[in-house]
Amino acid sequence: MRPVRSVSSVTKSAVVLAAVAILTAGCVGAKNDSSTSSAEAPPAAGTTGQQQSAGAAADGSAAAGNGGSSAAGDQAASGSAASGSGAADGSGAAGSGAAAPGGGGNANPVNADAKDVTLTIATNAVKGGKNDAEATWITETVIPGFIAEQKAKGVNAKVTFNGSGVDDPEYKTKLQLGLKAGGAADVFAADGIWLGELAGAGYVKPLNQVATGIDSWDGWKQISDSVRQSVTYQGQVYGLPNGTDGRVLYFNKKVFQQAGLPADWQPTSWDDILAAGEKLKGVDGVTPIQINAGTAMTEATTAQGFLPLLVGTGKPLFDDKAGTWQGATPNVKSVLGFYGKLYGDGGLGDATLQQDNSGRDQSFELFAKGQIGILAEGDYFWRSVICPDKKTCGATSMADRNSTVGWAKIPAEKPGSGVNGQDFVSVSGGSGLFLNPKSQYPQQAWELMQYMLSAKAQEAMSKLQVRISARDDVNAATLANDPLLSFIAKDVLPITTYRPSDEKYNAVSTAIQQATLDVVTGTSPDEAAATYAKSLEKIVGADKVSSE
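Our subject in this report is the structure included herewith. Computed from a predicted model, the values in this text were never measured in an experiment. (Residues numbered from 1 in each chain as written. Predicted model: local features only at pLDDT ≥ 70, side-chain atom pairs only at ≥ 80, totals over all residues. Heavy atoms only, no water.)

Observations regarding the sheet that holds strand 16 (residues 496-498)
Taken together, three strands build an open sheet; the order of strands is 13-14-16 and the sheet is mixed. Whereas interior strands pair on both sides, the edge strands pair on one side only; in this sheet they are strand 13 (410-411) and strand 16. Bridge count for strand 13 against strand 14 (residues 424-428) is two bridges, and the pairing is antiparallel. Directly across from Pro411, in strand 14, lies its bridge partner Phe424. Relative to strand 14, helix 8 (residues 299-311) is tilted by about 140°, and along the sheet it contacts strand 13, strand 14 and strand 16. (Pairing = 2+ DSSP bridges. Helix = DSSP H or I, 4+ residues; strand = E, 2+ residues; numbered from the N terminus. Contact = heavy atoms within 4.5 Å. Axes fitted to C-alpha atoms, helices over the stretch in contact; angles between N-to-C directions.)

Focus on the environment of Thr329
One can find Thr329 in the loop between strand 10 (324-326) and helix 9 (330-343). Among the residues examined, Thr329 registers a relative accessible area of 0% and is labelled buried. C-alpha of Thr329 to C-alpha of Ser546: the two residues are 217 residues apart in sequence and 7.0 Å apart in space. Each residue touching Thr329, except ones within four places of it in the same chain, is listed here: Ser546, Ser547 and Glu548. (Buried < 20%, exposed > 50% of the residue type's maximum accessible area, 1.4 Å probe, protein only.)

A closer look at the packing of aromatic side chains
The description of an aromatic ring pair uses the distance of the two centres, along with the angle that the planes make with each other. Scanning the model with the defined rule gives 17 aromatic pairs in all. Centre to centre, the rings of Tyr171 and Trp194 are 6.2 Å apart; their planes meet at 35°, and the pair counts as tilted. Here Tyr171, found in helix 3 (residues 168-181), pairs with Trp194, found in the loop between strand 3 (187-191) and helix 4 (195-200); they are 23 residues apart in sequence, far enough to count as distant. Residue Tyr171 is classed as buried on the basis of its relative accessible area of 1%. A ring pair is formed by Trp382 and Trp407, whose centres lie 5.2 Å apart and whose planes are at 80°; its orientation type is edge-to-face. (Phe/Tyr/Trp six-rings, centres within 6.5 Å; stacked < 30°, edge-to-face > 60°.)

With respect to the state of the cysteines
As enumerated under the stated definition, the model contains one disulfide in all. Paired through a disulfide, Cys387 and Cys393 show a sulfur-sulfur distance of 2.0 Å. Measuring handedness by torsion sign, the sulfur bridge of Cys387 and Cys393 sits at about 125° and is right-handed. Taken as a pair, Cys387 and Cys393 share a single burial class, namely buried. (Disulfide = S-S within 2.5 Å.)

Some thoughts on the side chain of Ser501
Within the secondary structure, Ser501 is located in the loop between strand 16 and helix 19 (505-520). Overall, the relative accessible area of 1% leaves Ser501 in the buried class. Looking at Ser501, its side chain comes within polar contact range of the main-chain oxygen of Gly192, at 3.3 Å. (Polar contact = N/O pair within 3.5 Å; in protein donor to acceptor, adjacent residues only side chain to side chain.)

Topic: unusual backbone geometry
The backbone of Asn131 sits at a positive phi, close to 55°, despite the residue not being glycine. Here Asn131 shows up in the loop between strand 1 (116-123) and helix 2 (132-152). By relative accessible area, Asn131 is classed as buried at 14%. Backbone geometry at Thr298 places phi at a positive 50°, although glycine is not the residue there.

Remember, this is a structural readout, not a statement about activity or role.
Have a look at this one:
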């Protein structure tokens, strides 16, 4: 590892200016003939597991990139995702009442009838590097397709792609700098979890305040209420969800057989999970259960473990209507109590693994070797960690994945105790496409977003990279040959929840991680909950913390 070098104030200033320059290279509506359709930056090294911030995607995929998984904890851990992903209330469960896409806005977009239009798209993707498939899709499908569509309407459109290939936190910083300077792209990708922060700063506005015809887009009927929550903040829709994911319980069928457990295992309560763990203790060399905990796992702890468990108790982390966060509530204590049963003296989980900076990556390797029985993760784990292709998944690839690995929905604490009275729950992440309110061509930018989320364009993306789309019709057409992704699209997305789209979330998530670590290292659940509540009060204010 190279030593970290200090950066002078002069160098820091240069970095900031360079960041602004990158995002403003194709300034909003600017007619820049020298800009290219793709950014051929050097490939960025991919990461799995631990190299993410609390705001990164949860599943290991790029949060602001392809949206294939961002839930936090899936690399934020997809903080793809996870890329996590943020619902307005932290739940986003089906039936929770997603916001109407338009909601009676008063947009009066400038240049709506322009015949010569210049637009820019920015995402955290680059050809030959990070999220190569998305960069290829934008440059080879989206841009030429949209230009042709506009030409048929008598509009001469020029579209530029400003791609990045950096870590998500760096992309987020560059994006914010560009938006603040007024020169960010007309259409840009961002992790749903960033929405509250961007909206709070005034960098994005509800779609109906920027463009017209939001309600009439025919794509809305293909995007479920639960998935729509990923681009919803305080009851209003700010963008279009560009992919999503879901969390499930994976299990090794061969290990299950040795333990006398069924190949079609589906727990209906937390007690069922613990009971399976007790049986798995009888299999030599196997850690029964791995559910991420502790600060070393960063956002993966919150998104892959704590939040799915919490919504299984009946309440989301954040109450959007009341504007309050769960403190030392009975629900939080129940979740921490479950962690205590996993990592206490019962021997169902490996407490040491939760404290290792490479613990998540190690858990992937152990599962691939048949040394972990049950693992809570997102679909990123299936697609990019244990895939049969060794070239893609390396040391964690499983040639027999399709026959050896099973999956199950995450049960509520007990039947019917989940949010909205659900028996089963999940947490999802994903990125969204957002419209820069300072665009010189906001109406045409909205049309570009519609094109990118059209069935035709989304199906073209799936040919480059199999993933879960935000559109039900696209999933039905493209996921038939992948049983796990089909399962998530059909059975998990309708019941899923999202992390809060609130600017305080990242700090709250860190406090949650510490609370789980406290339990893992021997603190009682009640004491850990009390300490967490005190930390929460410092973050959001005592009047925003609920104890009920």
